[in-house]
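What the coordinates show
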Amino acid sequence: MKKLFLYISSQWWGMLLLGAIPLFIFFLPTLIGRTIVSREAFLYHLPYVFEYQAALRSGSSFLWHGLNAGGFPVYTTIVGFFSPLHLLVYYLFPAIYAFHWLIFFGLVGAYFFTAKLLKEFGVSSGGALLGGLTYVFSQVWFNQSVINTNGVFFYPFFIWILWRRVKHPTWLWSFVSVIVLSLAWFSVIYPTVVFVLVAGFFFTCFASWYVARERGEYGRTRQVIVRAIIWYLVIVLIATAIGSIQLWPVFLTSIGSNRVNLIYPELSEHPFIPIDVVRFLLPYFELPLGVPFGSGGVEVNIYLGVIPLLLLLYGIYSKSLLARFSVFILAFSLAIAFWYSPFFWLMSKIPILNVLRGPSRWLFMGALGVGLLVGLGFDRYLRREGSARESIFLS
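The structure presented is a predicted model; accordingly, all values stated were derived computationally and were not measured.

A few points about the layout of surface pockets
Put simply, the second largest pocket is a space of about 360 Å³. The wall of the second largest pocket is formed by 18 residues, among which Leu 85, His 86, Val 89, Leu 102 and Phe 105 lie closest to the centre. When residues of the lining of the second largest pocket are traced back to their parent elements, those giving at least two are helix H5 (84–92), helix H6 (95–120), helix H8 (146–167) and helix H9 (171–187). When residues in the lining of the second largest pocket are grouped by element, the largest group, six residues, is from H6. A breakdown of the residues in the lining of the second largest pocket according to their chemical character gives 13 nonpolar, five polar and no charged.

Below, the structure written as structure tokens:
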């Protein structure tokens, strides 16, 4: 059995299959036609989906519809209708099946590229499997709509592409990076893309430093990092220019909306408060109103469970350079998301970032770090790199 697992997990298709099976079992009721969504998705997302499909099949314009007077700019953030995949799938299949199957395949892809990233840094197949699944299930909050799930997918996919581009700085990987990021602008709700871009900047710095050390170019580390950053900014600018087909109308519409020019108390609603730590284990836990920290406030959280949480703590002390990036990105997101964060106040003064409401949404950026640390922690436990006390603690 062990030999069979090792063989299957050593193949890319086997690694994909090992993650797809538990996700298929988890989402099976929705994949066969049952609708299980949040109240917000039921009242807000699904009606747009049906309108979008009706427009596609009737040959009429989907740039405006009767459910929202804002028309195209608002509509696109709910459906992602410029996505080539969405255009095809919603045209061919019934809306409710398309909606749920897109969520399923998006999460399978998110698992796969998280696992691929872990394997790039020498993590075992078991660690990659566990890390990928932890990342996907940590975002149970986001599994209620396609555009959110697309963000869960594009995040590790883009980071993996950046790793390949830094390690093999060819025109091909630069072109692929532009295409992937352009598709993200067309497929993902915009604030999530901004989180991915911030994480991508940090990862580019980390990856270029790592590659310079790996090649023994200690004297040229700074030049390697600067060159990688310049290329990253060029990729972002080109992809954003392509995405401006959607972004520009949204910008023009948002000028007069209630989502811009917000004062700090409005921007800082829904922070990560102390009681939200419990949600790492119980994702829907809330204290009643009237109790200190009652009713909670986070819009996005990271669900872990007991064993992944212990492995995460174990992975923090891994000697892998990937662990350093993961710890940084998790700590960075928590520092912004936390209650009365001075970092969030500072970011509220920066153009573009000053329209991103809800500090807890930044936790999405730390979710990938969580999955990576769990995978690293699993490998570290198997190799018993820690002290005897740590090993007993996880036994």
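Alright, that's what it looks like, and here's the rest.
Describing the environment of Leu 181
Within the secondary structure, Leu 181 sits in helix H9. Look at Leu 181 and you get buried, because its relative accessible area is 1%. If near-sequence neighbours (up to four positions away) are discounted, Leu 181 is found in contact with Phe 158, Val 193, Leu 197, Ile 235, Val 236 and Ala 239.

A word on the pattern of salt bridges
Tallied over the full model, the rule gives three salt bridges. Among the ionic pairs, Asp 276 bridges to Arg 279, the shortest N-O distance being 3.3 Å. Judged by relative accessible area, which is 3%, Arg 279 ranks as buried. The shortest N-O distance in the salt bridge between Asp 379 and Arg 383 comes to 3.3 Å. In this pair, Asp 379 and Arg 383 both sit in helix H16 (residues 363–383), four residues apart, roughly one turn of the helix.

Describing empty space enclosed by the protein
Scanning the model with the defined rule gives two cavities of 30 Å³ or more in all. Of the pockets and cavities examined, the largest cavity occupies roughly 60 Å³. Residue lining of the largest cavity: Gly 151, Phe 154, Phe 158, Val 180, Leu 181, Ala 184, Val 188, Thr 192, Val 193 and Val 196, and that is the complete set. Contributions of two or more residues to the lining of the largest cavity are made by H8, H9 and helix H10 (190–214). Per-class residue counts for the lining of the largest cavity are eight nonpolar, two polar and no charged.

Digging into the nonpolar core
Counting 109 residues, the largest nonpolar core has Tyr 90, Tyr 111, Tyr 135, Tyr 155, Leu 181, Phe 203 and Trp 362 as its most contacted members. For this core, the leading source of residues is H6, giving 16 residues. Ignoring sequence-local partners within four residues, the contact set of Tyr 90 consists of Val 49, Tyr 52, Gln 53, Leu 56, Arg 57, Ala 95, Ala 98, Phe 99, Leu 102 and Val 146.

Brief notes about unusual backbone geometry
Positive phi, close to 65°, is recorded for His 270, a residue that is not glycine. Mapped onto the fold, His 270 is located in the loop between helix H12 (264–267) and helix H13 (306–315). Residues other than glycine seldom take positive phi values, yet Tyr 340 does so here, at roughly 55°. By secondary structure assignment, the location of Tyr 340 is in the loop between helix H14 (321–337) and helix H15 (342–347).

Some remarks on the packing of helix H2 (residues 12–31) against helix H7 (residues 125–138)
Look at H2 against H7: their axes get within 10 Å of each other, and the N-to-C directions meet at 35°. Remark: the crossing between H2 and H7 carries right-handed chirality. In contact with Met 15, Leu 18, Gly 19, Pro 22, Leu 23 and Phe 26 of H2, H7 contributes Ser 125, Ala 128, Leu 129, Leu 133, Val 136 and Phe 137. The residue inventory of the contact of H2 with H7, partitioned by class, reads ten nonpolar, two polar and no charged.

Focus: the side chain of Ser 125
Checked against the element boundaries, Ser 125 lands in helix H7. In terms of polar contacts, Ser 125 uses its side chain to reach the side chain of Lys 119, at 2.8 Å.

Some words on the side chain of Ser 187
Mapped onto the elements, Ser 187 comes out in helix H9. For Ser 187, a relative accessible area of 5% puts it in the buried group. Of note is the side chain of Ser 187, whose polar atom sits 3.3 Å from the side chain of Ser 83. Ser 187 has contacts with Ser 83, His 86, Ile 147, Asn 150 and Phe 154, leaving out every residue within four places of it along the chain.

Here we look at H16
Because each turn of an α-helix spans 3.6 residues, side chains separated by three or four positions end up pointing in the same direction. In this model H16 runs 30 Å from its N-terminal to its C-terminal C-alpha over 21 residues, within 8% of the 30 Å that 1.5 Å per residue would give. Of all 21 residues that make up H16, 18 are buried, and the element is covered over most of its length.

Here we look at the packing of aromatic side chains
The tally for this structure, following the rule as stated, stands at 38 aromatic pairs. Between Trp 171 and Trp 231, the aromatic rings sit 5.3 Å apart at their centres with planes inclined by 85°, giving edge-to-face as the arrangement. Residue Trp 171 is found in helix H9, and its partner Trp 231 is found in helix H11 (residues 221–254); the two are separated by 60 residues along the sequence. A centroid spacing of 5.1 Å and a plane angle of 75° characterise the contact between Phe 203 and Phe 325, whose relative ring orientation is edge-to-face. Of the two residues, Phe 203 sits in helix H10 while Phe 325 sits in helix H14, which places them 122 residues apart along the sequence. The exposure classification of Phe 203 matches that of Phe 325, with both residues buried. Linked through ring pairs, Phe 112, Phe 113, Phe 153, Phe 154, Phe 157, Trp 160 and Trp 173 together constitute an aromatic cluster. The ring of Tyr 314 has Arg 380 sitting right over it, with the charged end atom 4.6 Å from the ring centre.

What counts, and at which threshold
- Residues numbered from 1 in each chain as written.
- Predicted model: local features only at pLDDT ≥ 70, side-chain atom pairs only at ≥ 80, totals over all residues.
- Heavy atoms only, no water.
- 1 Å grid on protein atoms, 1.4 Å probe; cavity = no way out; pocket = protein on both sides within 12 Å on 5 of 7 lines; lining within 4 Å.
- Points joined across faces, edges and corners; volume = space filled by probe spheres on them.
- Helix = DSSP H or I, 4+ residues; strand = E, 2+ residues; numbered from the N terminus.
- Nonpolar A, V, L, I, M, F, W, Y, C, P; charged D, E, K, R; others polar.
- Buried < 20%, exposed > 50% of the residue type's maximum accessible area, 1.4 Å probe, protein only.
- Contact = heavy atoms within 4.5 Å.
- Salt bridge = Lys/Arg side-chain N within 4 Å of Asp/Glu carboxyl O.
- Core = buried A, V, L, I, M, F, W, Y, C linked by side-chain atoms within 4.5 Å.
- Axes fitted to C-alpha atoms, helices over the stretch in contact; angles between N-to-C directions.
- Left-handed = near helix turned anticlockwise from the far one by under 90°.
- Polar contact = N/O pair within 3.5 Å; in protein donor to acceptor, adjacent residues only side chain to side chain.
- Expected span 1.5 Å × (residues − 1).
- Phe/Tyr/Trp six-rings, centres within 6.5 Å; stacked < 30°, edge-to-face > 60°.
- Lys NZ or Arg CZ within 6 Å of the ring centre and 35° of its normal.

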